[in-house]
Amino acid sequence: MKYVGKTDRRLAGGQLRSASSLLDSIREPMLFNSNLFIFLFLPLALLGWFGLNHFRLPKGAECFLLGMNLWFYGCFHPEYLLLILASLLGNYLLSALYRKEWRLPFLILGVGFNLGLLFYFKYFDFLMENLAAVFSGGGFSPAGILLPLGISFFTFQQLSFILDRAAGKAEHYPFLYYANFITFFPQLVAGPIVLHEEFIPQFKAPEGRVFNSLNFARGVERFVLGLSKKVLLADPLSQTVAYGYERIWYLDSVSALVLMITFAFQLYFDFSGYCDMALGIGRMFNLTLPENFLSPYKSASMQELWQRWHITLSRFFTTYVYYPLGGSRRGEARVLFNVMVVFFLSGIWHGANWTFVLWGLIQGVGVCVSGSYKRAKERGVRLPEIPRRAAVLITFLYFALSLGVFRSDDLFLAGHLFRHLLTPEWTGFLLELASSFKLPEVYVLARLITMKAPDYLPWLYAGLFAFWMGMCTRILIGRNTAELTEDHWGRKSSSPRPVLLGLLFFWCVISLSRAGEFLYFNF
Amino acid sequence: MEPGQFLKKFFFGAFAGLFAAALLVVVMDPFYHYHAPIPPLKKVLKDKEYQCIGSLRNFDYDGVLAGSSMAENFNDRWFEKQGLTMIKAIRASGTTADLNYYLEEAFASRQRNGQKLKAVYYNVDTAALFADRETTFAATGQPMYLYNANPFDDVEYLWNKDVIFEKIPVEVAESLMGDYDEGSSYNWAQWKTFSKEQMLKAWMPPESVKADRGEEADGELLEENLRILKNLVSAHPDTEFVFYFPPYSILWWGEACYEGNVERNLHGKERVQEELLAFPNVRMYDLQWDESCILNLDNYMDTLHFSDIVTREVYDTITGDRPCDPQGTPYALRLEGDADRSDGDADAGDPSRASEPAQSPRESKEKMRAVLERNLPRLEEITGQG
């Protein structure tokens, strides 16, 4: 039965469809910042590891830890346990079969296997999308492949092992050592990228198998500080960042700048906080994992920044790409080329999107400029001296603005963001952006203001946001977590520091109900 | 600092805070997960996803109003006239499986307390008749720690910043400082605007109309949901079930037409009505054909959510104070052959209700079909968007 007389229908107004989140395709993982991990998984892992070692069952302990590592990873997506096991077993088998005279085929197979897996799961759909765009379809279509969490990290770890094996710098380890090295849960899904020579000697050392209260205490402190950075600093900022990026069209130049700086803060606290937690957990296990962040926003040049930001990734590319290309030994032009190659690859490593490629190239340009400046000065060329504080500010702003590209869903949106940044205008959106920053701790005050003076409510949140950014800035220019956690051990003290840390931990636990982004889980 | 000293002080600080937080939440219990509010605290019900299940388990009541957002704006105190202490069981989607879960929890808690559930007023959303037969709580991100029997995941509630800094202060403020009406549980209408202009903002006719899918579309889902309802009714013969079909606007039916679901909906309603009316403890009302309501777009904020005035009219209808529309057509339903019965001895519940005028599900369906044939071709005239 037809009820309608006319067939032409007009949409009653357009609807803006929001870009899908990068996290839409990924299931809820077992996060460090969760009650399940803090109160069940971690105590169980520690108890089992040290307990079994205490009862002189080292192989049992290694099997137990491997089981815990796989349980941790399996919470993300059980099917991808097969992937990590296949990757692990494939590389281990190659290592077992390696002979010096088979170096070249070993390298081809090893590098091909690892990069092939990485390419398929991370870049295949991106390639298909671009081919489809170039050839107007042409039979190319994405396969809808789900990105396995941490694939970039555990692939690079194994790649470094394979390359070191071929170079004669790595032996064929016992399976349980190797398997635990690759799957060790603190660094499994978001780094740091640990080298075999950093991990395995510690792992097999007998003294490391005995519970050490000093290491445990240091690990707890590092973990809690990392948890605080993630949960108390990064997560609240994420709501403002998300708010701003969902409304790019409404930004003016000032709010665009503030948005990019806010994201720079969020990203640092999120990623470095996670790494602090990883290092803290490692320390609880008597394992010292490599530092990944050492106050990068105090850097006076982009070259210095990349020696302090995601240090283990820089280390990987320097060791396995920059040096084999010739490093700094073949003249200025070759240095610049090598640097651009490294950062092009680094950009791609971060994700299958042209925004990451562009971001990587921007980093490369920055490092090239600062590197050339430094080398020219060393050669005696007279160049203007930039005061360190100004250099730090310039470096930070350059990096923060480049992160505007990193955070954008696509180049189109990144272009809009920069258009707003570079077009001097003031619409007052800054107040709206700042007032999107909300904390439950001020809810009562907000309700009182709503009742008595509702027009001032946005100013409450904006003031809170300004305070938060000021506090974050103070933290960034102060001592970093590594420095804070190293210097106060060994003597009796009446300092209230541990009680305050305990209360900080309590504050983090009651904040766990607020779900935030784990940004580096996409890599 | 020595590590042993450090760890002792750290754990002292941590667990002191966690213990204090847990104690506060257990005592104040804004989600009523453990107990009803301790006087002078009131039953402040504003978050149905969090509070509904706890209130059903821990409050004292003998009547339940079950439904979707369509049922939230009733005032529980209205039902005191029927001698009932009413509570709401609200699920945003109103799916049959979810509401059935809530109602079974209500029955179980009454049994534990040695009490009886005298009446269930049930808002039947047409879409819910074709919804998934499985409950959707977990899939829609509900706080399952409040639903399941696992005591360990209660930490999500006990150590929750939103609960401590928002929900508890709201509970205290509404109980002690304001004039919060406990009957207005989950009410949202007070913040909404009901007008034709507002309603048309939500009206987006598509560019093309799908062919009607026929009355057998989604038949399997219909039968599954009907089975759930029949099991619910038959399992509790001493409880009066009052089912009602709320008056969606004519534009809701317009959307159904565009999606090709009109015949499916008409058939589904008739089927459910006929099957459930066979039970002696069931009464039923259909308000969906009432042109005096559904054509007046000022009654709505979107294609289906109606104002407080209409809510009150629905209440009057399902409690017997408004038996017919202005033209004298009855809202009550009875099976064919029972439509003229006046002896009333087959009804559980108020015997005086047996004499109220009624029509059969078939008559109601034909009435609805006539309304649609008259009005759907002139939607542009009704909306003024021609």
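Just above sits the structure.
The rules behind these values
Residues numbered from 1 in each chain as written. Chains lettered and ligands numbered in written order. Predicted model: local features only at pLDDT ≥ 70, side-chain atom pairs only at ≥ 80, totals over all residues. Heavy atoms only, no water. Helix = DSSP H or I, 4+ residues; strand = E, 2+ residues; numbered from the N terminus. Rg over C-alpha atoms; globule rule 2.2 N^0.38 Å. Buried < 20%, exposed > 50% of the residue type's maximum accessible area, 1.4 Å probe, protein only. Contact = heavy atoms within 4.5 Å. Areas by Shrake-Rupley, 256 points an atom, 1.4 Å probe, with all protein chains shown as cover. Lys, Arg positive; Asp, Glu negative; His and termini not counted. Charge placed at Lys NZ, Arg CZ, Asp CG, Glu CD. Salt bridge = Lys/Arg side-chain N within 4 Å of Asp/Glu carboxyl O. Core = buried A, V, L, I, M, F, W, Y, C linked by side-chain atoms within 4.5 Å. Pairing = 2+ DSSP bridges. Phe/Tyr/Trp six-rings, centres within 6.5 Å; stacked < 30°, edge-to-face > 60°. Lys NZ or Arg CZ within 6 Å of the ring centre and 35° of its normal. Axes fitted to C-alpha atoms, helices over the stretch in contact; angles between N-to-C directions. Polar contact = N/O pair within 3.5 Å; in protein donor to acceptor, adjacent residues only side chain to side chain. Parallel < 35°, antiparallel > 145°, perpendicular 65-115°, else oblique. Left-handed = near helix turned anticlockwise from the far one by under 90°. Patch = residues over 30% accessible without salt bridge, like charges linked within 9 Å, V, L, I, M, F, W, Y side chains within 5 Å. Buried area = accessible area lost by both parts, 1.4 Å probe. Nonpolar A, V, L, I, M, F, W, Y, C, P; charged D, E, K, R; others polar.

K.L.:
I keep staring at the overall build of chain B and nothing clicks. Help me out?
P.N.:
Scanning chain B from terminus to terminus reveals 13 helices and six strands. Relative to its length of 386 residues, chain B is compact, with a C-alpha radius of gyration of 23 Å against a globular reference of 21 Å. Over its C-alpha atoms, taken along the principal directions, chain B stretches across nearly 85 × 55 × 40 Å. Residues classed as buried in chain B amount to 58% of the 386 residues present. When contacts within chain B are restricted to residue pairs at least 6 apart in sequence, long-range pairs at least 24 apart make up 80% of them. Looking at chain B as shown, the accessible area adds up to about 15,400 Å², and 53% of this sits on carbon and sulfur atoms. Charge-centre separation for chain B: the mean point of 40 positive side chains lies 3 Å from the mean point of 65 negative side chains.

K.L.:
Explain the pattern of salt bridges to me, please; I cannot follow it from the model alone.
P.N.:
Side-chain pairs of opposite charge can arise whenever the charged atoms involved come near each other. Residues and elements named next belong to chain A. If you walk through the whole model with that rule in mind, you get 49 salt bridges over all chains. Here Arg308 ties to Glu304 by a salt bridge, and the two come within 3.0 Å at their closest N and O atoms. Of this pair, Arg308 and Glu304 both sit in helix H11 (residues 302-308), separated by four residues, roughly a single helical turn. With relative accessibility at 22%, the residue Arg308 sits in the partly exposed group. Salt bridges sharing partners connect three or more residues here, namely Arg222, Lys229, Asp276 and Glu291.

K.L.:
Sorry if this is basic, but what is going on with the environment of A:Glu425 here?
P.N.:
All names here are of chain A. Assignment of secondary structure puts Glu425 in the loop between helix H16 (411-422) and helix H17 (429-434). Linking Glu425 and Leu403, residues 22 residues apart in sequence, is a C-alpha distance of 22 Å. Discounting residues that sit within four places of it in the chain, Glu425 has contacts with Leu251, Asp252, Ser253, Val254 and His420.

K.L.:
Quick question: what am I supposed to make of the nonpolar core here?
P.N.:
Where a protein is soluble and globular, its nonpolar side chains tend to be buried together. Residues and elements named next belong to chain A. Within the largest apolar cluster, 266 residues are counted, with the highest numbers of intra-cluster contacts made by Phe37 and Phe285. Here this core gets 19 residues from one element, more than from any other, and that element is helix H10 (residues 253-284). Beyond its immediate chain neighbours, meaning those up to four positions away, Phe285 contacts Leu42, Ala45, Leu46, Trp49, Phe50, Leu65, Phe184, Phe185 and Gly208.

K.L.:
In this structure, what is going on with the pairing of strand S4 (residues 240-245) of chain B? I would like to understand it.
P.N.:
The two faces of a sheet get side chains in turn, since along a regular strand they alternate between them. Residues and elements named next belong to chain B. Counting buried positions along S4 gives six out of six residues, so the element sits mostly inside the fold. Neither face of S4 is exposed, since Glu240, Val242 and Tyr244 on one face and Phe241, Phe243 and Phe245 on the opposite face are all buried. Sheet analysis places strand S3 (residues 119-123) next to S4, joined by five bridges and oriented parallel. Note on S4: the bridge partner recorded for Asn123 is Tyr244.

K.L.:
What is the right way to read the packing of aromatic side chains from this model?
P.N.:
The description of two aromatic rings rests on the distance between their centres and on the angle between their planes. Here the structure, examined in full by the defined rule, presents 96 aromatic pairs over all chains. The interplanar angle of 50° and the centroid separation of 5.3 Å between the aromatic rings of A:Phe211 and A:Phe216 together place this pair among those described as tilted. A:Phe211 gets classed as partly exposed once you look at its relative accessible area, which sits at 43%. Judged by centre distance (6.4 Å) and plane angle (80°), the ring pair of A:Trp306 and A:Phe399 falls under edge-to-face. Linking A:Trp306 in helix H11 with A:Phe399 in helix H15 (residues 388-407), this pair joins segments that are 93 residues apart in sequence. Just as A:Trp306 is buried, A:Phe399 falls in that class too. Seen from the ring of A:Phe203, A:Arg209 lies directly overhead, with NZ or CZ sitting 5.1 Å from the centre. Sitting above the plane of the B:Trp78 ring, B:Arg312 keeps its charged end 4.6 Å from the centroid.

K.L.:
Whenever I open this one, the sheet that holds strand S5 (residues 282-286) of chain B confuses me. Can you help?
P.N.:
Two pairing modes exist for strands in a sheet, parallel and antiparallel, and in both the strands are linked by backbone hydrogen bonds. Residues and elements named next belong to chain B. The strand order across the open sheet formed by six strands is S2-S1-S3-S4-S5-S6, and the pairing between neighbours is mixed. Both outer strands of the open sheet, strand S2 (86-90) and strand S6 (332-333), are each paired with one neighbouring strand and no more. In this fold helix H7 (residues 219-235) packs onto S3, S4 and S5, with an angle of close to 150° to the strand it touches most, S4.

K.L.:
Got a minute to help me understand helix H8 (residues 250-258) of chain B in this structure?
P.N.:
The periodicity of an α-helix, 3.6 residues per turn, causes residues three or four positions apart to be oriented the same way. All names here are of chain B. Where burial is concerned, most of H8 is hidden: eight out of the nine residues are buried. Taken together, the buried positions of H8 are Ile250, Leu251, Trp252, Trp253, Gly254, Ala256, Cys257 and Tyr258. In this structure, the buried residues of H8 make contact with helix H6 (196-200), helix H9 (262-277), helix H10 (291-294), helix H12 (361-375) and helix H13 (379-383). Where H8 ends, the next residue or the one after it, Gly260, has phi of about 75°, a positive value.

K.L.:
Is there a simple way to explain the side chain of A:Ser435 in this structure?
P.N.:
Residue and element names in this part refer to chain A. Relative to the elements of secondary structure, Ser435 occurs in the loop between H17 and helix H18 (443-452). The class for Ser435 is buried, based on a relative accessible area of 13%. A distance of 2.8 Å separates the side chain of Ser435 from the backbone oxygen of Leu431, its partner in a polar contact. Among the polar contacts listed, one links the side chain of Ser435 to the backbone oxygen of Glu432, at a separation of 3.1 Å. Each residue touching Ser435, except ones within four places of it in the same chain, is listed here: Pro458, Tyr461 and Ala462.

K.L.:
Sorry, what's going on with the packing of helix H5 (residues 151-166) of chain A against helix H12 (residues 311-322) of chain A here?
P.N.:
Geometry of a packed helix pair, given as the angle between the helix axes and the separation of the axes. All names here are of chain A. At their nearest, the axes of H5 and H12 sit 11 Å apart, and the two run at 30° to each other. Taken together, the axes of H5 and H12 are roughly parallel relative to one another. Crossing of H5 against H12: the hand is left-handed. When H5 is examined against H12, the residues Phe156, Leu159, Ser160, Leu163 and Asp164 are found in contact with a partner set consisting of Leu313, Phe316, Phe317 and Tyr320.

K.L.:
Would you explain a nonpolar patch on the surface in this entry?
P.N.:
All names here are of chain A. A cluster of nonpolar side chains, Leu36, Leu40, Leu44 and Trp71, forms an exposed patch at the surface whose accessible area comes to about 340 Å². Looking at the nonpolar patch element by element, the count peaks at three residues for helix H1 (residues 35-54). When you line up the elements, Leu40 lands in helix H1.

K.L.:
How should the interface of chain A and chain B be read in this particular structure?
P.N.:
Where interface size is given, it is often the accessible area lost as the parts come together that is meant. Between chain A and chain B, the residue contacts involve 47 residues of the former and 42 residues of the latter. Summed over both partners, the interface of chain A with chain B comes to about 4,200 Å²; 67% of that surface belongs to carbon and sulfur atoms. Along the contact surface separating chain A from chain B lie one salt bridge. We note a salt bridge from A:Glu441 to B:Lys161, for which the minimum N-O separation is 2.9 Å. On inspection of chain A and its partner chain B, the count reaches five residue pairs in polar contact (both at pLDDT 80 or more). At the level of secondary structure, the elements contributing two or more residues to the side of chain A that touches chain B comprise H1, helix H9 (213-245), H18 and helix H21 (497-510) of chain A. In terms of residues, the side of chain A that touches chain B owes the most to one element, H21(A), which gives ten residues. Of the residues belonging to the side of chain A that touches chain B, the class tally is 25 nonpolar, 13 polar and nine charged.

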